[in-house]
Amino acid sequence: MSEDQPEKQDHKIELAQKRFLLRTQDVADVDRQQLQREILGILQQHEMAPIYEEVCAEVGHGSSAATLEEMRQHNAQRLAEIEEKIADAEKNAGEVEVRDALQAKADYLCSIGDHAGALDAYAAAEAKTAGVGPKMDLVFSQIRLELSRGDWRAVKAGLEKARGLCDKGGDWERKNKLKVYEAVFLMATRQFKRAAELLLDAIATFTSGELMSYERCIFYTVLLAVVALDRPTLKSKVIDSPEVLSVIDSIPHLRPFLSSLYDCQYAAFFKAFAGLTDAIRADMYLHPHFRYYMREARVAAYAQFLESYKSVTLASMAATFGVSPGFLDGELADFIVAGRLPAKIDKVAGMVETNRPDAKNALYQQAIKQGDLLLNRLQKLSKVIDIE
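Throughout what follows, the structure given in this document is the object of discussion. (Residues numbered from 1 in each chain as written. Predicted model: local features only at pLDDT ≥ 70, side-chain atom pairs only at ≥ 80, totals over all residues. Heavy atoms only, no water.)

**Considerations on unusual backbone geometry**
Here is step 1 of the chain: Although it is not a glycine, Arg 190 adopts a positive phi angle of roughly 65 degrees.
Here is step 2 of the chain: Structurally, Arg 190 can be placed in the loop between helix H9 (172-188) and helix H10 (192-202).
Here is step 3 of the chain: Look at Arg 190 and you get partly exposed, because its relative accessible area is 36%.
Here is step 4 of the chain: The phi angle at Cys 264 is positive, at roughly 65 degrees, despite the residue not being glycine. (Helix = DSSP H or I, 4+ residues; strand = E, 2+ residues; numbered from the N terminus. Buried < 20%, exposed > 50% of the residue type's maximum accessible area, 1.4 Å probe, protein only.)

**Looking at the packing of aromatic side chains**
Here is step 1 of the chain: All chains considered together, the criterion is met by 21 aromatic pairs.
Here is step 2 of the chain: Plain terms: the ring middles of Phe 269 and Phe 270 are 6.0 Å apart, the flat faces sit at 45 degrees to each other, and that makes the pair tilted.
Here is step 3 of the chain: By relative accessible area, Phe 269 is classed as buried at 0%.
Here is step 4 of the chain: Ring geometry for Tyr 302 against Phe 335: centres 6.0 Å apart, planes inclined by 50 degrees, an arrangement best described as tilted. (Phe/Tyr/Trp six-rings, centres within 6.5 Å; stacked < 30°, edge-to-face > 60°.)

**Topic: the sheet that holds strand S2 (residues 343-346)**
Here is step 1 of the chain: Taken in spatial order, the 3 strands line up as S1-S3-S2 in an open sheet, and their pairing is antiparallel. With partners counted over all chains shown, the strands left at the sheet margins are strand S1 (311-313) and S2, one partner each. For this sheet, the mean inter-axis angle between neighbouring strands, taken without regard to orientation, is 20 degrees.
Here is step 2 of the chain: Of the strand pairs in this sheet, S1 and strand S3 (residues 351-354) are connected by 3 bridges, and their pairing is antiparallel. Its bridge partner being in S3, Thr 313 is matched across the sheet by Met 351.
Here is step 3 of the chain: Along the sheet face, helix H18 (residues 325-337) touches S2 and S3 and points at about 140 degrees away from the line of S2. (Pairing = 2+ DSSP bridges. Axes fitted to C-alpha atoms, helices over the stretch in contact; angles between N-to-C directions. Contact = heavy atoms within 4.5 Å.)

**So, helix H5 (residues 95-111)**
At 3.6 residues per turn, the α-helix brings residues three or four places apart onto the same side.
Here is step 1 of the chain: Over its 17 residues, H5 runs 24 Å from end to end, which matches the ideal 24 Å to within 8%, given 1.5 Å per residue.
Here is step 2 of the chain: Inspection of H5 places Val 98, Arg 99, Ala 101, Leu 102, Gln 103, Ala 106, Tyr 108, Leu 109, Cys 110 and Ser 111 among the buried residues, and these make up the whole buried set.
Here is step 3 of the chain: Looking at the buried residues of H5, the elements they touch are helix H1 (11-23), helix H4 (65-92), helix H6 (115-127) and helix H7 (132-149). (Expected span 1.5 Å × (residues − 1).)

**Notes on the pattern of salt bridges**
Here is step 1 of the chain: All chains considered together, the criterion is met by 28 salt bridges.
Here is step 2 of the chain: A salt bridge links Lys 161 to Glu 126; its shortest N-O distance comes to 2.7 Å. Of the two residues, Lys 161 sits in helix H8 (residues 152-167) while Glu 126 sits in helix H6, which places them 35 residues apart along the sequence.
Here is step 3 of the chain: If you follow the salt bridges from partner to partner, you end up with Arg 19, Arg 23, Glu 54 and Glu 58 in one network. (Salt bridge = Lys/Arg side-chain N within 4 Å of Asp/Glu carboxyl O.)

Pasting the structure below:
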């Protein structure tokens, strides 16, 4: 990560997060009046006339005809100035100047929230762009525009386009940036393991401040790693990571959430997890997966605990996790029935018994199964070909 002043987050992403918080009713401790003022402030600061009426209606604030007209006048004036620069560049300058002017137009339309106009302008700018790197920058801008609108199909298409360009010779900085953009998409589509791996690859040279802050990137990295990575990988790549350690203490509850799981302090893990739930619920990418993430984190803790035992009393396990035996009984039963935990509960004896398959036996069964498949294929082949 650069030691210079961190890049400011794209105001469209910031606006999207604030709009999410305002319309989501199950997020605690939200000052909705303050959020409304902040949203209106972003709209006016960036003269976002194309979406002004839509957002005002959403936040329950009557739109001002005078404010909207003033915004539109400023938009038209700025666009006229850019069009003059484009015309002048086409007459008196070279391809690079024309391309820069076209990109300036696209970036401005994007900044004010003119979705259709921005996409057309980016297409025109791309047609004049020669290098792979500058083309990727144009695609990243479009992906952020689609992220701010929550159009995940368009985000996926943009990422596929960026990967195609990257394969043609993208530099390391843009390749690293692409990993963060892909991780956001994977996280939002519940592909936590791959998202965690990409973020871990990217944090050492993080350059995507326009998408999220470095602290937010570490927040996502730790959360996803806890439910997606095995224990040795968690230790080597996350717990001992200098990048993670540099900011983890600035995020409440995150260090105990990470370290207590590895140290098998399960009551502390559940306590830290409870402290993080509001932050997870308040994130526009993770909120739709909140209940799923809650289950995955608990499964990770229960599975790690049970790995050390052939059998354990329900009361002892409940005490270790700081919960009641009745609660734990219901939790484990649900996960066992779903096939998430290799165990069974002896209700009469009050015991939890693990039934992990023997590793050698599992390999033997796999070899038998693969041998049967091979024989079946040979038999089918023999019906077609005469084997001398």
